[in-house]
Every structure is written in C-alpha cells, then in structure tokens.
Amino acid sequence: MATTPTPQGTLRQRNVAPATKKSKDGAFSDVELDNLVKTATAKAKSAGSELDYKIVFAVITVLAFVTRFWGISHPDQVVFDEVHFGKFASYYLEKTYFFDVHPPFGKLLFAFMGWLVGYDGHFHFDNIGDSFPYVAFRSLPAILGALTVSVVYLIMWESGYSLPACIVAAGLVLLDNAHIGQTRLILLDATLVFAMACSLLFYIKFYKLRHEPFSRKWWKWLVLTGFALSCDISVKYVGLFAFITIGSAVIIDLWELLDIKRPGGALTLRIFSKHFAARAFGLIVLPFLFYLFWFQVHFSILTRSGPGDDFMTPEFQETLSDNLMLSNAITINYYDSISLKHKETKAYLHSHADRYPLRYDDGRVSSQGQQVTGYPFNDTNNYWQVLPAGADDQKLGRPVKNHDLVRLRHLVTDTILLSHDVASPYYPTNQEFTTVPVADAYGDRAADTLFEIRIEHGKANQEFKSVSSHFKLIHNPSKVAMWTHPKPLPEWGHKQQEINGNKQIAPSSNVWLVEDIPSLAADDKRREKPEKQVKTLPFLRKWFELQRSMFWHNNQLTASHPYASLPFQWPFLLRGVSFWTQNDTRQQIYFLGNPIGWWIASSVLAIYAGIVLADQFSLRRGIDALDHRSRSRLYNSTGFFFLAWATHYFPFFVMGRQLFLHHYLPAHLASTLVTGALVEFVFTQDSAEPETVKAGKKGAVVPVKRHLTARERFAGQSLAGAWIATGVILTVVAASWYFFLPLTYGYPGLSVEQVVRRKWLGYDLHFAK
C-alpha cells in the first residue's frame, strides 16, 4: 500500500493533481490550461449522451408529481397552519394589511396562484376544519415539492455521481412522507426547501466553471445562486442557513485562489479582488436587493387598513386607507378623561378601592396602597383625568403635548396615580404603582405623582392624540416606564394584571395608547371627522419598522405547544405533528417522515463522520488508504453536502423559540445527498489515474483540471454492488412509505389496531383507543 506523509484532501480541495514544474520553454499559463480543459470536456461530451440519466430523471420527476398531487383535494378543509398562510394569501388579494413574522415571498406566491385562477380572497381560512375548494393554493407547494425531487437528482448528477447514487438521494426525498405531507398543503416549507436545493445546485454549476472565470455562464450561475439564496431567506429567516452553507464554501474557495502556489499560477491581487467583488456582488448585494424587492411588492399591494395595523406605529398606520388612525384620532386636552390601553397585552390601566396586601407570598412588604392593575374589559374604573403639573393651572382647552409633565386622577376613587421606591408584587427590581389622595398628591408626594408623556417617534410640541399617539408614561423622578405583563395577580388582585415601573425604558412592551376620551360629548366638535389624506413614508423607513417588529415577535414565539419538539429528536424521528383529524371517518393527517428513510440517512451521517476521522487518523500514522480522487470527492463534494446538513441543523440548538419537525426538512434533504454520495463511495472503486493531455512546446503531460462524469470515472467497471445497495435501500424505504401513507394523505381511516401498529416510537396518533 502506498503511503504519503501528508493528506491530500481538504474541505474544498479542487480535484487536481500537484502543479507541474515550470520551465523556460514549457510553462503553462491559465489561458492555455483552460483551453486544454475545454478540449477535454468537448471530447468527454461526445463520448456519451448519458441517456440513461435523462430517462431516470424523467421517471423520477413524473413519480414526484404523482406522489404530491395524488388526492390533493382531500381533505377539503383547512388543515393546520393553512389557517394562517391561506388567510394571508386572501388578504393580499383583498389588499388588506396583515402582519406575519415571516418575509413575504412565499405568501406572495400563494396570492399569485389565487389571482391566476380568478380567486378574489373572500374566504379567510378562519378556523381549522372549515371547508374550502381552492385546490390551486395547494398546487403551488405540490409543484415545488415535486421539482425539489428533480433538483436533488440534478445536484447528484451535476456533481458527477453514478446513477445509483443519484437514484438513492432522489428516492429518499421522493418517498419521504414528511416532504410529501408538507408539500400538499398551503404551507411555506415547500418553497423554502425548493429554494435551498436550488441554491446548492446553482452553486455547484457555478463552481464547475471556476476555470472559466467571468465568462457569461460563470456570471449566470453566480447570479442564479444569489437569486436562490434570496428566495430562501425571503420565505423564512431560517433561509439564512443556506447563506452560511454557500458562504463557507466561497470563503474556502477564495482562500485557495489567494494561494501563490495554486495550480495554474498565482493570481495578481487585482484579479483576486475582481473574484472577491464578483462573489460579494452576486451572493450578498444582489440577494439583498431581491429581498428588498419582495417587501416593496408587499407594501405596494397592501394599501388598505387591516388586522396587521396594531403591530405598526401610528405613522405607518396612517399610510393605509380606511385606517382608524385617520378617522378616530382626537387631540387630548388637559382635564379630559381618558382610558389608557397597553398596546401589547390590550389591558386597560385600572384601579379600585382594594389595597395591596401587607406581605406578598415571598415575605416582602408592600406599601398597602390602592391597587393599580391591568384590566381586560372596558369599565368606569379605567377612566383617568389628565391634570397639568401645576395645581393652579386651570386653563381649559389647552392640548397635551409630547414631553409634558402630567398627573392622572382616577375618577371613581378620586386619587392620583403615583409610583415610588417600593418593590412591585412580582418584580422586586421594579417599582410599585399605586394612588394617593389629592391632598397628598399636591403636598409632600407631589414629585412622585408627576409623569412625562413621551410619544414614540414624537417631535417637540407634537399634540397628544387618542388612538394614534403611541406613548410611554415615564415617572418623572425615578425615570421608570409604566409597564404590564400577562401573568395574573393572585386572588387579592382579582387575577388582574400587575402594573409596575420598568427600569428598562427602551422595550416596546412599555408602549400605551389612549383608546377613548369618555368625557368628550358625542356631538363635540373635536369628534368631527373631516376627510383626511392618506400619508406616505419612505420605503426604507417602513421596511426597517416592519423588520424590527418581525424580529421581535418571532423571538416571542416561546410558548409551549403540544406538538413542539427539540432538535435532538429530529434525525431519529422521535415524534411528529398532528395536522388534522376527522372523528366520523377516523381519518387523520399526522406529519411524520419516513422512519426507515430518516434512520438510514441519519446513520449514514454518522458513518461519514467516522470515515473522515478514520482517514485522518490513518494519515497521521503514515497510512494512505485512499487514492487522490476518492479522497477529493469524499472531502469536497460529500463534505459540501455534510456542511449543508450541519449548517441547517445545529443552529436550531441555540434557538429559544418554538420548534417543530418541519424545521429539519432542509437538513434532511442534505442528509439524503450525503447518503447517495456514500453509497457510491462504499460500493464502487474510483479510477486512480488522472486524465492527462499533452501541451507546451515539448509536449509535456499535464493533468486535466475538470469534473469527470460518472461514466468516465467508472468506465469498464461493474456497479453491481451500488445497484444492489440502491435496490435494498429503496425497497425498505418504499415499504415504510406505503405503510405510513394513510397518515400522510389523510385516508383511508384506520382501525384501532391499524393505528397502534403505526405507533413505532410511541407517536401520539389519534384514534389509538
């Protein structure tokens, strides 16, 4: 066995032999070498048309469409998150503003499909189980899901793998119940996974043209890679993981281009800078511009007021027609009685005669002052009169303005709102809110009853208005913000919300608004509603505001869910998600992958890691068990697939939000690529002799730097072992796929015994009793 002192492979090492030595009369320039590559490639193309690959590609594509479209109209009811994404598509068609934590591209595609079939958006997908006939919406993810199978096959084909390897990788996606189930419903993951797969395919095609830099094809695939990445992150923010995958490969590629000893000669810094700038433009700048474009489309369509208004600032809401901000905003004057509402929890600022207990459950002592709480219903105990800071200021009709100091008098109990340095019931670090008699408020407690009206994004001397002025109530002496949260107080607080002083002023959870001015007569001139013009805001300002709101609400998705799961459970398929049930027919849709397929793919990931570790250990001991080409493919091509799996899986371990099995689908797709590649590695023997051509004045032999097809690499060799392995894998995977089909397609209904037989790992299936 031959030995080498150093390893031949790195994560992105090119499939080339060591550089030849230059001579004065026989040196080879990059141009000459590239011409040799083109000549050799042309000869290779003429050697065979790869008709068998094309036939299998057509068959797999047809099967993918059949498995995704079979019975797609069942059930004719709203299923799982269709209640959200179907509704959003309807809102687009009605031009009604809505809010969602995900970027708009995927939802825009659904709206486009609805528009194509003449749907007007009147059905709002309000409840799971509602009947609806709009199969066109489901056709979009079904089409993309079917094409994803084809893209997986093309990734393996473009990477130069044998036909068995291509079939294994594509077959594991074709016959996967999770991919089928997720792509038959109005959900975003079909678009996400398709865009992720396309980004891998396009980058591979771009990388194969690395010896033809800045050519038209080189630019085409670079731009398409950037477009696919943009579509990925424009569907869900987890699309960022694809940027990490491609970005890691690009960084390693640029590092090799910077090598002064690179085969073909060193690049000048000017040429290297062009390579860097081209990749930065194609994979960062263009994707960002495409990303902005979808938001521009989003804003251009959604011009009418809708359910998403409350998530945005008053300035943003005033850009929407039919908005309450335009019609109901009334200037608030001193001595008006108002009701204050917390923007986030929708609770009203409330008080009643009951007092805080002497001691809380943890032993801390309270002020025993009058309780100030958050109450979810409209009530006269929610009414507060706005008083000026000065006791002798009796002037009526004077508007309250931004940054004014005010006092708030609780009308029912005739007391003044106060905050002081006493710990609140639940938060020892936050200040208690209570009220004191009027005499005390204008006496020795005068300073503690002063509050600043601080309007969000407000200007100096801006008038304080109902509905439209979102504001923070800042206690003047201590500079804490009035705040509340959903956790109810104990029985002594009537299960109402705690109100306290938050020392962290910046969070948006401190924002309140004035819902109404009950002291204002119905026929008061201030209630007159003259027609107002819809305002405008610059695109980037609207975009930044929406981004902030999306990120914040996305991070708040931490509540428990009965079907949530943890990342360590996904590769082993330890649990699924119940999407839909029908008691009468005992039918159910249970989102679950193909157990056999997932376990095979997960096992292969471990085998791959073991092979790489064993190879590195052997090389450390001076044993070279692999030829150069096999090691190059193991580390470079298969390593790229493994990198895609890792970057789409491990980041979920540091996320604090709700997670579900569908978050693993992009990583699962990458694991099928690793499986196909490893089937070839284990069951075939690659040719160790590199292809060469003669060049130079002396006819020196030069290794050809190009990707070889599987037909060239395995010419004259038997692939029987790979075919047998492929047959065995797909047979058991197909059997498992068929066994779980009733849970994927939602029919036929299963008996108790049949359901129990499918609870392989204790899956929480319905109708098991």
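Please read all numbers here as calculations on a predicted model, not as lab measurements.

Description of helix H9 (residues 216-233)
- Compared with the 26 Å implied by 1.5 Å per residue over 18 residues, the 26 Å span of H9 between its first and last C-alpha is a close match.
- Where H9 is concerned, the buried positions are Trp218, Trp221, Leu222, Thr225, Gly226, Ala228, Leu229, Ser230, Cys231, Asp232 and Ile233.

Let's talk about the environment of Asn594
- Residue position: Asn594 is located in the loop between strand E14 (587-591) and helix H16 (595-620).
- With relative accessibility at 1%, the residue Asn594 sits in the buried group.
- Put simply, Asn594 and Tyr738 are 144 residues apart on the chain and 9.3 Å apart in space, counted from C-alpha to C-alpha.
- Apart from the residues within four sequence positions on either side, Asn594 is in contact with Leu175, Asp176, Asn177, Ala178, Leu573, Val733, Ser736 and Trp737.

Description of the packing of helix H10 (residues 240-257) against helix H17 (residues 628-647)
- It is the contact of H10 with H17, at a shortest axis distance of 9 Å, that shows an interaxial angle of 145°. The two elements H10 and H17 cross, and the hand of that crossing is right-handed. For the pair formed by H10 and H17, the contact residues are Phe241, Ile244, Thr245, Ile246, Ser248 and Ala249 on the first element and Phe640, Leu643, Ala644 and Thr647 on the second.
- For the contact of H10 with H17, the class distribution of residues is 7 nonpolar, 3 polar and no charged.

As for the packing of aromatic side chains
- The final tally for this structure, using the stated rule, is 62 aromatic pairs.
- Measuring from ring centre to ring centre gives 5.3 Å for Phe241 and Phe652, while their planes differ by 85°; the resulting arrangement is edge-to-face. Taken as a pair, Phe241 in helix H10 and Phe652 in the loop between H17 and helix H18 (665-683) lie far apart in primary sequence, 411 residues in all.
- Taking the relative accessible area as the measure of exposure, Phe241 reaches 6% and is therefore buried.
- The exposure class assigned to Phe652 is buried, which follows from its relative accessible area of 2%.
- By the ring-pair criterion, three or more aromatic residues cluster together here, those being Phe241, Trp570, Trp598, Tyr608, Phe642, Trp645, Tyr649, Phe650, Phe652, Phe653 and Tyr664.
- For the cation-ring pair, Lys274 lies above Phe214, with the distance from its terminal atom to the ring centre recorded as 4.8 Å.

Quick look at the pattern of salt bridges
- On inspection of all chains with the given rule, the structure shows 23 salt bridges.
- Residues Glu452 and Arg454 are paired through a salt bridge, measuring 3.0 Å at the closest nitrogen-oxygen approach.
- Look at Arg454 and you get partly exposed, because its relative accessible area is 26%.
- Each of Glu158, Lys205 and Lys208 takes part in salt bridges that share partners, so that together they form one network.

Concerning the environment of Phe206
- Structurally, the position occupied by Phe206 is in helix H8 (residues 189-207).
- According to the relative accessible area criterion, Phe206 is buried, its value standing at 2%.
- C-alpha of Phe206 to C-alpha of Thr225: the two residues are 19 residues apart in sequence and 8.0 Å apart in space.
- Apart from the residues lying within four places of it in its own chain, the contact partners of Phe206 are Trp218, Trp221, Leu222, Thr225 and Arg279.

Reading guide: rules and limits
- Residues numbered from 1 in each chain as written.
- Predicted model: local features only at pLDDT ≥ 70, side-chain atom pairs only at ≥ 80, totals over all residues.
- Heavy atoms only, no water.
- Helix = DSSP H or I, 4+ residues; strand = E, 2+ residues; numbered from the N terminus.
- Expected span 1.5 Å × (residues − 1).
- Buried < 20%, exposed > 50% of the residue type's maximum accessible area, 1.4 Å probe, protein only.
- Contact = heavy atoms within 4.5 Å.
- Axes fitted to C-alpha atoms, helices over the stretch in contact; angles between N-to-C directions.
- Left-handed = near helix turned anticlockwise from the far one by under 90°.
- Nonpolar A, V, L, I, M, F, W, Y, C, P; charged D, E, K, R; others polar.
- Phe/Tyr/Trp six-rings, centres within 6.5 Å; stacked < 30°, edge-to-face > 60°.
- Lys NZ or Arg CZ within 6 Å of the ring centre and 35° of its normal.
- Salt bridge = Lys/Arg side-chain N within 4 Å of Asp/Glu carboxyl O.

That is the geometry; function is a separate question.
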